[in-house]
Each structure stands twice: as C-alpha cells, then as structure tokens.
Amino acid sequence: MSVPSAPPHSSTAPTAVTVLGLGRMGSALAAAFLAAGHPTTVWNRSPGKADELVARGARRAGSVAEAVAAAPLVVVCVADDPAVHQLLDPLGDALAGRTLVNLTTGTSAQARANAAWAKERGAAFLDGAIMAVPEDIATDDAVLLYSGPRALFDEFEETLRVLSPAGTTHLGEDAGLAALHDLSLLALMWGVLNSFLHGAALLGTAGVRAETFAPLASRMVKVVAGYVTAAAPEVDAGSYPGGDATLTVHLEAMRHLAEESEALGVNAELPRFFQLLADRAIADGHAGSGYSALVEQFRKP
C-alpha cells in the first residue's frame, strides 16, 4: 500500500494534523482539531479508540508511518517518553519535513534530547505541556505551554490555538522550558491538594465533611495566590523581608499543626516536613526573614 504524502501546509487553508495516541487527552485534542475544520488523521495502538473520531470525520491511519505521512503537523500524546520513541524511532528519515509537537509529559532533559533527536532526522520539534483536563480542551479554561524555536511556533500558532483559545503560550527557544514549567506547576497542584486532604482529615475527626471545608479551602487558595505574587520578586531578588510574619512565627504555627495532627491520630508527616524546612532555614540565619526565604532550602540538592 502506498503511503500518502502530507498535504501542503498553507497559511490560508486549515492545516492538516495527525494525532498519535487516543487516550482521553489525545482524543480530546483530535476532536478539537476536527471541530475547527482541520483535516485530522488519527492513530492508536488499539484501533477501536478511533471509531468515534472517524465517525465525526477523522481519517484512521493503518500505521504510525501512514499517520505521520498524512500531515505536516504531528501531535504526539502518549503515556511517556519511551512510548514516544517506541512509535517514532522505527520511522527514521520518514520524519523529515514534519513538525513534531510532543504533548507527552516528561522531563526537561527528555525534551531537549528529543529536540536534538528530531533534528538529526530532519524534523522540526516543539515540546508542549497541557495544563488542563480533557474536558477543558478547546475552551478558555485550557492552558497549553510550548517551547522550542519561536519561528516554528509562530508558523503553527493559529492551529495550536484551537486547543487552548485563551491559553496558548510560547515560553522560549529552550525546548526544555515547557516540561520544566509543567512539573513546577504540578508540584504546586500536588502541594495544594495534599494540604487540602490533610485538612479534610483533621476536620473529619470532628465530623466536619470535606464538602463543608471545600469553600473555605478555596478561599484560602485565593489568599495564597496573593502571597505567591508578593513572594516572586523577593525570590528573584534574594531578599526576604519578614514584614507580615517571620519564619519564627510561622514555625510556631507549624508546631501546633503537627501536634494537633498527632493528638487526633492524623498522619503528621506533612506538617513535620513544613517544620523541618523552617527549622533548617532558621538555622541558616533566617529567623527574622519572611516565608519566601524557604526557597533557599529548595535550591539545595
């Protein structure tokens, strides 16, 4: 069977797109391209996952090679970096002339290595990060971050913006920046969620439902967002004034949280970790500093 060549890329006609990987997120990406009028080719290891998309107008490729040949823009969204290479390594020079946009979660080192790998095969490369759930794709709630050559991003920005109309951002030429931002934001998410769950466990000992706690927790998250904005210039300047509360004051409250947790039979590892970081910062001379001084603890290997 002959492999179709990619339709020519035109700034006036909708760009043809291939999506490799049809999990919940990959399927949402493909559906968004289809809905926006982009000729969309899809491939998945389990072909049945493409059925709904095909019914809506997508073209099902019989192989990865056929899928890659079908479009100038190839979006990859699979489980992990080894899965990316399991799909694409066998293609060799068939990748030449294509633009790969890798939306698979990975590390910054993997992204930089993938950029070099793609260049060796004559392909252009953007790395990307999806800060959204599948249901948010193609809505203003979706945020997608990209890194790699600015000129390449500019060439396909209109097409990529279909996925996140209000939240498409190019972070810089360094291919690793999207992954680095992705993992940093995930750390923030896990920190907030773990703290909420710890608080829910504490309040649960008094019969307070998590649903009752959630509105107050959400308001606190908004308060913390203000602290984040205020802390950022302090972190960049390396100066940590303790205007509203010093680390010594924070440490005392952390001790109360740990003691309350232990007294109520709730796991105290999280507040004890908070306390450990504050103790170390104070030992380093930051007793009178503000909370942002803890960044120095995170900078240590």
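Residues numbered from 1 in each chain as written. Predicted model: local features only at pLDDT ≥ 70, side-chain atom pairs only at ≥ 80, totals over all residues. Heavy atoms only, no water.

So, on to helix α5 (residues 108-120). Helix length check: α5 (13 residues) gives 19 Å between terminal C-alpha atoms against 18 Å at 1.5 Å per residue, within 8%. Here α5 has its buried residues at S108, A111, N114, W117 and A118. Where α5 is buried, its residues meet α4 (81-88), β5 (99-102), β6 (124-131) and α7 (177-204). (Helix = DSSP H or I, 4+ residues; strand = E, 2+ residues; numbered from the N terminus. Expected span 1.5 Å × (residues − 1). Buried < 20%, exposed > 50% of the residue type's maximum accessible area, 1.4 Å probe, protein only. Contact = heavy atoms within 4.5 Å.)

The phi dihedral of A138 falls on the positive side, at around 75 degrees, and the residue is not glycine. By secondary structure assignment, the location of A138 is in the loop between β6 and β7 (143-147). Under the relative-accessibility criterion, A138 is labelled partly exposed at 35%.

In the UniProt entry, the feature "domain: 6-phosphogluconate dehydrogenase NADP-binding" (unreviewed entry) is given for residues 17-165. With 37% helix and 21% strand, residues 17-165 has end C-alpha atoms that lie 17 Å from one another. (UniProt positions renumbered as here; feature names shortened; annotations may be inferred.)

Closest axis-to-axis distance for the α7/helix α10 (residues 269-286) pair is 10 Å, and the angle between their directions is 125 degrees. By the angle between their directions, the pair α7 and α10 is classed as oblique. Facing N194, S195 and H198 of α7, the residues of α10 in contact are L270, P271 and F274. Here the contact of α7 with α10 is built from residues that sort into 3 nonpolar, 3 polar and no charged. (Axes fitted to C-alpha atoms, helices over the stretch in contact; angles between N-to-C directions. Parallel < 35°, antiparallel > 145°, perpendicular 65-115°, else oblique. Nonpolar A, V, L, I, M, F, W, Y, C, P; charged D, E, K, R; others polar.)

Okay, the packing of α4 against α5 next. Close contact between α4 and α5 brings their axes to 11 Å; oriented N to C, the two are set at 15 degrees. Judged by the inter-axis angle, α4 sits roughly parallel to α5. In the crossing of α4 with α5, the sense of the turn from one axis to the other is left-handed. Contact with α4, carried on its side by D81, H85 and L88, involves Q110, N114 and W117 of α5 and no other residues of that element. Classifying every residue of the contact of α4 with α5 by side-chain character gives 2 nonpolar, 3 polar and 1 charged. (Left-handed = near helix turned anticlockwise from the far one by under 90°.)

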